[in-house]
Amino acid sequence: MRITQGTFSYLPDFTDDDIKAQVQYCLDNDWPISIEYTDDPHPRNVYWDLWDLPMFDMKDPAAVMFELNRCREAFPNHYVRVNGYDRRFGRQTTALSFIVQRPKEEPGFRVERQEFEDRVVKYTIHAYATDRPEGMRYES
Amino acid sequence: MSLEEVTVEKTSIDLDEVYRESNIQPILDELDRDLVGLAPVKTRIREIASLLLIARLREQSGLSTERPTLHMCFTGRPGTGKTTVAVRMAKILHHLRYVRKGHLVVATRDDLVGQYVGHTAPKTKEIVKKAMGGVLFIDEAYYLYRPENERDYGQEAIEMLLQVMENQRDDLVVILAGYKERMDTFFQSNPGFRSRIAHHIDFPDFSLNELMEIAELMLSQQMYSFDDESRKVFAEYLALRVQQPLFANARSVRNAIDRAKLRQAGRLIRQGGVVSREELARIDADDIRQSRVFQGGITTADSNPANETPGRLLS
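Before going into details, it helps to say that this report is about the structure given with it.

What counts, and where the lines are drawn
Residues numbered from 1 in each chain as written. Chains lettered and ligands numbered in written order. Predicted model: local features only at pLDDT ≥ 70, side-chain atom pairs only at ≥ 80, totals over all residues. Heavy atoms only, no water. Helix = DSSP H or I, 4+ residues; strand = E, 2+ residues; numbered from the N terminus. Buried < 20%, exposed > 50% of the residue type's maximum accessible area, 1.4 Å probe, protein only. Contact = heavy atoms within 4.5 Å. Areas by Shrake-Rupley, 256 points an atom, 1.4 Å probe, with all protein chains shown as cover. Lys, Arg positive; Asp, Glu negative; His and termini not counted. Charge placed at Lys NZ, Arg CZ, Asp CG, Glu CD. Buried area = accessible area lost by both parts, 1.4 Å probe. Salt bridge = Lys/Arg side-chain N within 4 Å of Asp/Glu carboxyl O. Polar contact = N/O pair within 3.5 Å; in protein donor to acceptor, adjacent residues only side chain to side chain. Patch = residues over 30% accessible without salt bridge, like charges linked within 9 Å, V, L, I, M, F, W, Y side chains within 5 Å. Pairing = 2+ DSSP bridges. Axes fitted to C-alpha atoms, helices over the stretch in contact; angles between N-to-C directions. Core = buried A, V, L, I, M, F, W, Y, C linked by side-chain atoms within 4.5 Å. Expected span 1.5 Å × (residues − 1). Parallel < 35°, antiparallel > 145°, perpendicular 65-115°, else oblique. Left-handed = near helix turned anticlockwise from the far one by under 90°. Nonpolar A, V, L, I, M, F, W, Y, C, P; charged D, E, K, R; others polar.

It is worth spelling out the overall build of chain B at this point. Assigned secondary structure in chain B consists of 14 helices and 7 strands. Here chain B, with 315 residues, has 47% of them falling under the buried criterion. For chain B, the share of sequence-separated contacts (at least 6 apart) that also reach a separation of at least 24 residues comes to 74%.

Given below as structure tokens:
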């Protein structure tokens, strides 16, 4: 099951040129870029691990691609996303965040029903991938 | 017609038109106008610009796809305009679309080499990333290599730079700068650098006349002027200054002018009363004559080398 989180997630996967164009848009808006990765696809898992350092003062998307490629090399089977942070006073939030790499196979989620008193049922979702320990979740 | 529209199908290309479209002529003209002297440097820059333009056209005509090596080495004594030319070079490369952004990032050893194990790589990487899409200008590059200390972290920065110069050729251009002799020694001990650099440009020292011209240019830019006497005295000053230690060409001229302006201001305040517009703009002979250069001159011991230091070791 294809994870749809962040911007552009209903579009086909981005090529490097697409990513560069989006990064250029961030740089034009003076948004520092950061790269994050994770192997826990749960939608409430908002704090992914930061790759290297946030990138301030970059002029060209090539710098971001350089780091992104290093990250892809280190975590070939993780989710990787690129964030653009708008630091302007009054906003100070992530302005753009999109997935640039996903595992080859995404097993998806199962629904879990928890029986409660008075016939109440509580629902939750559970990612199949998280059954395995961190770092080994998407290895085949 | 832009450079990109010159398509492969075309068998002939109007060179004049492409040249005009590339917009490098104004930059070259500006280079000629703003920089006094440096004739050999200007010729080389023109040659390189033509070479790059032709290479671009060849590529578009399907003749060769190999991107020319663009890394350069500027050698010359302090104050001969290396940084200024590097800024122009970045613009030229940008107009010819060899770099995407055309900005210049100036770095020295301090910016590249870390202080403890594991500090160098991220530091170098950070600077390299900032320079991507533009030009990385490494001033006094030979300080990166310290043969006397085999555990010096400079070597790590050098290796990283070499790797970047090879693998990220499309993303940035590296210009190394420094004294000619030391640069030569540096290349001897780091042959990898020499082979990756295509253009070596040597910046000659300025002649006295050129220095005088530079002084006049600087003054007119700041809306000051010499009168006949002070012009003569300044020429004498330069003749003496050139022979004294720590002479840094155009930079020394600028400092001398700054000090003359200081003395002029002091003189005007002391004098008080009504001051004419012409007096505010004029540098008097006395403002220059008070310089230490005329009183036996600057010695290394008591001078203030803040801006004139030819090498880091002396600062």
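Back to the write-up after that little detour.
Helix and strand counts for chain A come out as 2 helices and 6 strands. Reading the helices (α) and strands (β) of chain A from amino to carboxyl end gives α-β-β-α-β-β-β-β. Judged by the C-alpha coordinates and their principal axes, chain A covers about 60 × 40 × 25 Å. Within chain A, the fraction of its 140 residues that count as buried is 42%. Taking as baseline every contact in chain A between residues at least 6 positions apart, the subset at least 24 positions apart corresponds to 55%. Surface summary for chain A: the accessible area is close to 8600 Å², and the carbon and sulfur share equals 50%. On chain A, the mean spot of the 18 positive side-chain charges and the mean spot of the 25 negative ones are 3 Å from each other.

On to the interface of chain A and chain B. Chain A puts 14 residues into the contact, and the matching count from chain B is 11 residues. Of all residues in chain A, Lys59(A), Asp60(A) and Phe66(A) bury the most surface against chain B, accounting for 46% of the area lost on that side. The interface formed by chain A and chain B holds 7 salt bridges in total. As a salt-bridge pair, Lys130(B) and Asp57(A) come within 3.8 Å of each other at their nearest N and O atoms. For the pair chain A and chain B, the interface holds 6 residue pairs in polar contact (both at pLDDT 80 or more).

On to unusual backbone geometry. For residues that are not glycine, phi is negative in most cases, and the peptide bond is trans in most cases. All names here are of chain A. At Gln-92, a position not held by glycine, the phi torsion is positive, near 45°. Note on placement: Gln-92 falls in the loop between strand E3 (79-86) and strand E4 (93-101). Given a relative accessible area of 45%, Gln-92 falls into the partly exposed group. One non-glycine residue, Asp-118, lies in the positive phi region at around 60°. Here Asp-118 shows up in the loop between strand E5 (109-115) and strand E6 (121-127). Classification of Asp-118 by relative accessible area gives exposed; the value is 72%.

Now for a nonpolar patch on the surface. Together, Val111(A), Val121(A), Tyr123(A) and Ile125(A) give the surface a local cluster of nonpolar side chains, amounting to about 360 Å² of exposed area. Here the element with the most residues in the nonpolar patch is E6(A); it accounts for 3 residues.

Moving on: the sheet that holds strand E2 (residues 104-107) of chain B. Residues and elements named next belong to chain B. The sheet built from 5 strands is open, its strands ordered E2-E3-E4-E1-E5 with parallel pairing. Each edge of the open sheet carries a strand with a single partner, namely E2 and strand E5 (199-203). When strand polarity is set aside, the average angle formed by the axes of neighbouring strands in this sheet is 20°. Where E2 lies against strand E3 (residues 135-139), 4 bridges are found, and the strand directions are parallel. In the strand pairing of E3, Val-105 is matched with Leu-136.

In summary, the side chains of a regular strand alternate between the two faces of the sheet. Residue and element names in this part refer to chain B. Extensive coverage of strand E1 (residues 72-76) is indicated by the burial of 5 of its 5 residues. Where burial is concerned, the two faces of E1 agree: the one with Met-72, Phe-74 and Gly-76 and the one with Cys-73 and Thr-75 are both buried. Pairing of E1 with strand E4 (residues 173-178), which is carried by 4 bridges, proceeds in the parallel orientation. Counted as the bridge partner of Met-72 is Ile-175 from E4. Both E1 and E5 contribute to a ladder of 5 bridges, which runs parallel. Paired with Cys-73 across the bridge in E5 is His-200.

The biggest cluster of nonpolar side chains holds 57 residues, and the ones touching the most others in it are Ile45(B), Phe74(B), Leu93(B), Phe234(B) and Val253(B). Sort the elements by how many residues they give to this core and helix H3 (residues 39-60) of chain B lands first, with 8 residues. Contact partners of Phe74(B), with chain neighbours within four places excluded, come to Lys82(B), Val85(B), Ala86(B), Phe137(B), Ile175(B), Leu176(B), Ala177(B), Gly178(B), Ile201(B) and Phe203(B). Formed by 54 residues, the second largest nonpolar core is a distinct cluster that contains Trp51(A), Val80(A), Ile127(B) and Phe193(B).

This paragraph deals with the side chain of Thr38(A). Residues and elements named next belong to chain A. Relative to the helices and strands, Thr-38 resides in strand E1 (residues 33-38). Engagement of the side chain of Thr-38 in a polar contact is seen with the side chain of Asn-45, the distance being 3.2 Å. Contacts of Thr-38, omitting those with residues within four sequence positions, involve Asn-45, Trp-48, His-78 and Tyr-79.

On to helix H1 (residues 16-28) of chain A, then. Helical periodicity: at 3.6 residues per turn, an α-helix aligns residues three or four positions apart in one direction. Residue and element names in this part refer to chain A. Over its 13 residues, H1 runs 18 Å from end to end, which matches the ideal 18 Å to within 8%, given 1.5 Å per residue. Within H1 the residues assigned to the buried category are Ile-19, Gln-22, Val-23, Gln-24, Cys-26 and Leu-27. On the buried face of H1, the contacting elements are E1, helix H2 (61-74), E3 and E4. Asp-30, located one to two residues past H1, shows a positive phi value of around 65°.

Turning our attention to the packing of helix H2 (residues 24-34) of chain B against helix H4 (residues 82-95) of chain B. Residues and elements named next belong to chain B. Running from N to C, H2 and H4 cross one another at 170°; their axes reach a closest spacing of 9 Å. Between H2 and H4, the angle is such that the two are roughly antiparallel. Helix-helix and strand crossings are classified by hand; for H2 and H4 the assignment is left-handed. Contacts between H2 and H4 pair Ile-24, Ile-27, Leu-28, Glu-30, Leu-31 and Asp-34 from the former with Arg-88, Lys-91, Ile-92 and His-95 from the latter. For the contact of H2 with H4, the per-class residue count stands at 5 nonpolar, 1 polar and 4 charged.

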